[in-house]
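Overview (structure and organization)
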Amino acid sequence: MKNLDINTMIDAASAERGSPKLSALFNDNLKLAHEDDGHHPVATSNGKAAQRTIEQPTPPPPHVPAELKASYRSLFTACQDHAAFFAKDHTEFGQRLHAAHIAWQDFIVLANRLVQQIEAFAHEYDFDEETPGNGYRSFVYVTNACISHGVSICKQLSTTRSTLFFRKKLLMKEVEACSQLLSSLCTCLQYLLILRQWSASTGDLFACGNHTAEQLFELGDTINQYCFYGRCLGFQYGDSIRGVLRFLGISMASYSESYYSQEGDGTIVKTTRSLWTSGKYLMNPELRARRIVNISQNAKIDFCKSFWFLAESELMHKLPSIVGSSIKVNRLIELPAEPLKLPRRKDFKPSDIPGSDVNQNQGEDDFVEIPVPSAHLGPGLPVSVRLLSARRRSGMLGEGRYRGWHKPTPPSRSILFHCHGGGFVAQSSKSHELYLRDWAVALDCPILSVDYSLAPEAPFPRALQEVYYAYCWLLNNTELLGTTAERIVCAGDSAGANLSIGVALKCIEQGVRVPDGLFLAYCPTLVSFVPSPARLLCLMDPLLPFGFMMRCLRAYAAPAQETLQENARHVEDAAQIRNAQKSNVGSLNSSRRTSIARSPLTPLEANTEQDDESSDTFASASASYHSQTVERTDLPNSENDNSSCVSFEDDSQPIVHYPVEISADTPKDAASAAYIDNFLDKYLIDTATMEATEETANQPLQGQANGHSKIGSDDNILVETGRDLIAIDTLQGRLQEAVNNITNTLTRCTQSYEINGSSTMGQQDVRNMDALIARSPSEEFAFDVPKDPFLSPYWASDEWLSQLPETKILTLNMDPCLDDCVMFAKKLKRLGRQVNLEILEGLPHGFLNFTMLSNEAMEGSKHCIKSLQTLLQVNPKHKSTDDKGSSLDEDEESSSPSASLAAS
């Protein structure tokens, strides 16, 4: 058993799902950890670990395995010391500390072995020798961070365990949490070894052939995600980022309470519940972990959009102008939906581009017709863009020829075309304004950011069509943006980076001027569910949980049939109204017709609220449009809510855990499963927490209200009513009634609610948001994604990719999109393109939104600025005293007017 070759486990990966051989070998690795130590309890046939009796003399400390790395050895010896110390403690917490340190040692030995195996080949997947980084290295980094976190806990335990103020219960929970965290990481490392075999022959980070992510998750044990969102949340990041992530985790859990509140709850009740639950989730990390994971697994895309759109609130809209860099221009412009015409590139040859849909028989071969966006939502809707600039430049929209006595600055020779992130479903240029202000000042050039339509209402390719249309409008109207456009760079983060590549590919296909550079921040280049090592990081990502990522990609790339049908109905209604208006009022200009066509989709209120930053208007604007990206975030009202009060009692009491099997065909070793599950129970859940079962999920809600069953018999109603009348007549009854009313009010303000959504069959999908349910991530892969190069640029042909401009990619060592960036950079490098890859450490996905909250995030933004300066060919300049932060008068405030622009 000691000489087990890990390749024997890997060979089974290509076999049929649920192979007994592979499942058994998963457990063999855990048993190896026992054998290396020689003193740990061995699992018995009934699945319970044989407990060492207190009466037996404590054996001498065993030897430390020689192959342990330095940090692993340090933690291992500390666990030995604590296990021996607490073996003499007969209290419940003392015995649990003793057992936790015993189990911890097994996981340390196992993790050390797996990390060494992965380190032996991880370098083969790097972009180059100067840029080490890929998903395999990331998990080694995360595992080492877990070991360091454990060492710090053990040091704290050593210094306080003999003092009078020793917080035994708190440190017991910390030890159990970190031990379980290492156990889950070992399961992830086992998956990496399977991925290694799947891609060993190709050297690719993406699994090739017929292997799928669903097959990967069904080959091994279910990964416990709860430990990543409890006490150890953000353990792999720096201190400042960790605090931000914990605040967001508490906010997400607390916001879900208000989101799933009952219809009758008013604003005061919702606010009270939010404040109460915030404190509850702050004080109880285990409860927070259950809530976050179950939100990720069960919440619909509407919740994701609603939570992320909190950044679009009124307070957040004002924040950039208060704490952000001072800029002179910040305008929201809405482009009317009218066809554009651009000169064709002189070097363009449609015959050389496979799959090109350019009509070579056009009457004007020197020009390209750019149609208006029409996918899903139909034609006629304007495209919103935001113009930001640190200076007022000559010719810029709304500036006029002169501004007071100060003559505008000459046009810039460069411009940055920006697409915001948000998983294709949320956020806007306004929510990304904080770092865009810094970029505008540092780059000293205009920035045009696009507010594209969002999924699921506007799935692929609507967003790409709008972004491409806005880019073409920029080419036609450079003088209105204060630039000569000698250099145009497309930039974006996350989903926006994907769209930026799509714009460049569209330009190559259509023969339009290609951008002079691309800047991509943590970009998904393969919008598909091909497994890779880095993509497993989303199982522990605080900002991009696995369930959220799957629902965002599904909403954008594979929309539901109901969404497509609703969009088709809206397009038909819009076309009818548009035709009716043409016949009745033929003199209306194109801008007016656009406003009328939009009304069936986003009806305008009688008293349309003007943008709070408006100060300029245009004579050519005859209507005011609402941006498609600004969604309503009102809390929905759920009917027939089957709610249950969440216990806020102490969670230290372990209860029975009922794990959900991945597949009936996959055999499980009962002893190994019980070894981990027993420890998981102690860490996660208490006897007062209600667990959801499949029967609960399918129970009809008839006869239930507020979590209590209604009385279904008339006789019972009469009896109960009579008792109430008798009780009220007495003083004691009245006091009891008052107490009950107060209790019910407090319960309404503090109770937790479940997810309550309806399926296509009309059945209620009710899940307890605070139940401990072991689920396989493979349940998320029940749909197909089209293999489209504009959706997944990684699939683009070599002919197209070989024409991309200079590209700079910035990604993160713990980002789920890391492998996407590495593989895309490798492909461009193989094609001879100028490409640079930079991998930052210690930052989460979406860090650009936290530049004001974290020094590490601010440093990451500075790395972005350096790359952009190179692409734009601008040198850092010393700002004049006027640009550094001089106070602006009212009409020069950085707030922006909203304008509708007629076609130029």
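Quick look at the packing of aromatic side chains now. What the rule picks out here adds up to 23 aromatic pairs. Each ring, one from Phe-460 and one from Tyr-556, has its centre 5.8 Å from the other, and the planes form 75°; the classification is edge-to-face. Of this pair, Phe-460 sits in the loop between strand 6 (447-451) and helix 14 (462-476) while Tyr-556 sits in helix 16 (residues 546-557); the two residues are 96 residues apart in sequence, bridging distant segments of the chain. Overall, the relative accessible area of 1% leaves Tyr-556 in the buried class.

Overall, the coordinates contain 26 salt bridges when judged by the stated rule. Lys-69 is the salt-bridge partner of Glu-119, the closest N and O atoms lying 3.0 Å from each other. Highlighted residues: Glu-119 in helix 4 (residues 92-119) and Lys-69 in the loop between helix 2 (20-37) and helix 3 (70-86), separated in sequence by 50 residues. A residue is classified by how much of its surface remains accessible, and Glu-119, at 36% relative accessible area, is partly exposed.

As for its position among the elements, Ala-568 is in helix 17 (residues 561-584). Accessibility expressed as a relative area gives 45% for Ala-568, which makes it partly exposed. As for Ala-568 and His-376, which are separated by 192 residues in sequence, their C-alpha atoms are 6.6 Å apart.

Two measures define how a pair of helices packs: the angle their axes make with one another and the distance between the axes. Relative to each other, helix 13 (residues 433-443) and helix 25 (residues 855-872) sit at 45°, their axes nearing to 10 Å. Classed by the angle they form, the pair helix 13 and helix 25 counts as oblique. When you trace helix 13 past helix 25, the crossing you get is right-handed. Seen from helix 13, the contacting residues are Tyr-435, Asp-438, Trp-439, Ala-442 and Leu-443; seen from helix 25, they are Met-858, Ser-861, Cys-864, Ile-865, Leu-868, Gln-869 and Leu-872. In terms of residue class, the contact of helix 13 with helix 25 is built from nine nonpolar, two polar and one charged.

This part covers the pairing of strand 13 (residues 806-812). Most of strand 13 sits out of view: seven of its seven residues are buried. Neither face of strand 13 is left uncovered, since the one carrying Glu-806, Lys-808, Leu-810 and Leu-812 and the one carrying Thr-807, Ile-809 and Thr-811 both have all their residues buried. Inspection of the sheet shows strand 8 (residues 517-521) paired to strand 13 by five bridges, in the parallel sense. Considered in strand 13, the bridge of Leu-520 is made with Ile-809. One ladder, built from six bridges, connects strand 13 with strand 14 (residues 835-840); its direction is parallel. Counterpart to Leu-810 in the pairing with strand 14 is Glu-838. After leaving strand 13, the chain enters helix 24 (residues 818-830) and then returns to the sheet as strand 14, a path that is right-handed.

Between Ala-455 and Pro-456 the backbone carries a cis peptide bond, its omega angle lying at 5°. Across the junction of Phe-460 and Pro-461, the peptide omega takes the value 10°, indicating a cis bond. Within the secondary structure layout, Pro-461 lies in the loop between strand 6 and helix 14. The residue Tyr-522 is not glycine, and still its phi comes out positive at about 35°. Note on placement: Tyr-522 falls in the loop between strand 8 and helix 16.

Let us now look at a nonpolar patch on the surface. The grouping of Met-316, Leu-319, Ile-322, Val-323, Met-852 and Leu-853 at the surface amounts to a nonpolar patch, some 520 Å² of accessible area in total. Among the structural elements, Leu-319 can be located in helix 12 (residues 314-323). Among the residues examined, Leu-319 registers a relative accessible area of 30% and is labelled partly exposed.

This next bit is on the packing of helix 3 against helix 5 (residues 135-160). Interhelical geometry of helix 3 versus helix 5 gives an angle of 35° and a closest axis separation of 9 Å. For the element pair helix 3 and helix 5, the recorded crossing hand is left-handed. Side by side, helix 3 and helix 5 meet where Ser-71, Tyr-72, Ser-74, Leu-75, Ala-78, His-82 and Phe-86 of the first sit next to Thr-143, Asn-144, Ile-147, Gly-150, Val-151, Cys-154, Leu-157 and Ser-158 of the second. Taken together, the residues of the contact of helix 3 with helix 5 break down into eight nonpolar, seven polar and no charged.

About the thresholds
- Residues numbered from 1 in each chain as written.
- Predicted model: local features only at pLDDT ≥ 70, side-chain atom pairs only at ≥ 80, totals over all residues.
- Heavy atoms only, no water.
- Phe/Tyr/Trp six-rings, centres within 6.5 Å; stacked < 30°, edge-to-face > 60°.
- Helix = DSSP H or I, 4+ residues; strand = E, 2+ residues; numbered from the N terminus.
- Buried < 20%, exposed > 50% of the residue type's maximum accessible area, 1.4 Å probe, protein only.
- Salt bridge = Lys/Arg side-chain N within 4 Å of Asp/Glu carboxyl O.
- Axes fitted to C-alpha atoms, helices over the stretch in contact; angles between N-to-C directions.
- Parallel < 35°, antiparallel > 145°, perpendicular 65-115°, else oblique.
- Left-handed = near helix turned anticlockwise from the far one by under 90°.
- Contact = heavy atoms within 4.5 Å.
- Nonpolar A, V, L, I, M, F, W, Y, C, P; charged D, E, K, R; others polar.
- Pairing = 2+ DSSP bridges.
- Right-handed = clockwise from strand over helix to strand, strands pointing away.
- Patch = residues over 30% accessible without salt bridge, like charges linked within 9 Å, V, L, I, M, F, W, Y side chains within 5 Å.
- Areas by Shrake-Rupley, 256 points an atom, 1.4 Å probe, with all protein chains shown as cover.

Distances and angles like these do not, on their own, reveal function.
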